[in-house]
Amino acid sequence: LTLRGSYLPTPARERRGVILACHELNGDRWGILPYVKRLRTSGFDIFTFDFRNHGASDATPGYQPNPWLTDYELVDLEAALTYLARRAD
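Residues numbered from 1 in each chain as written. Predicted model: local features only at pLDDT ≥ 70, side-chain atom pairs only at ≥ 80, totals over all residues. Heavy atoms only, no water.

A. Expanded view of the nonpolar core. With six residues, the main nonpolar core is built from Tyr7, Phe47, Phe49, Phe51, Ala80 and Leu84. Secondary structure elements with two or more residues in this core: strand S3 (44-49) and helix H2 (71-86). Beyond its immediate chain neighbours, meaning those up to four positions away, Leu84 contacts Tyr7, Val18, Leu20 and Phe47. (Core = buried A, V, L, I, M, F, W, Y, C linked by side-chain atoms within 4.5 Å. Buried < 20%, exposed > 50% of the residue type's maximum accessible area, 1.4 Å probe, protein only. Helix = DSSP H or I, 4+ residues; strand = E, 2+ residues; numbered from the N terminus. Contact = heavy atoms within 4.5 Å.)

Written out as structure tokens, the structure reads:
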């Protein structure tokens, strides 16, 4: 399963940290842009990704996303955190 994500570096001189931003049900990673604009200009990098069965990420057959957190979302979040932890920066 491949999850698609985007790393959005801050335009500020100095990075204050990295925020993992998650989209809403039936949304995608681009839907969070209005919410994180101020965070980015304040010095935070943003990483956002499409959960499985959303946006450009692969789908798991037979899985229908719902408003409640499932093991699938937890696995996807863990994969995103692992990606961030392994980045050299």
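B. Quick look at the sheet that holds strand S1 (residues 5-8). Here we have three strands laid out as an open sheet, ordered S1-S3-S2, and mixed in their pairing. Bordering the open sheet on either side are S1 and strand S2 (17-22), each of which pairs with just one other strand. Along the sheet, successive strands turn relative to each other by an average axial angle of 20°, direction set aside. Two strands pair when backbone bridges link them, and S1 and S3 are joined in this way by four bridges, in the antiparallel orientation. Each residue of the ladder has a partner; that of Leu8, found in S3, is Ile46. Contacts from helix H1 (residues 33-41) reach S1, S2 and S3 within the one sheet, and its direction differs from that of S3 by about 155°. (Pairing = 2+ DSSP bridges. Axes fitted to C-alpha atoms, helices over the stretch in contact; angles between N-to-C directions.)

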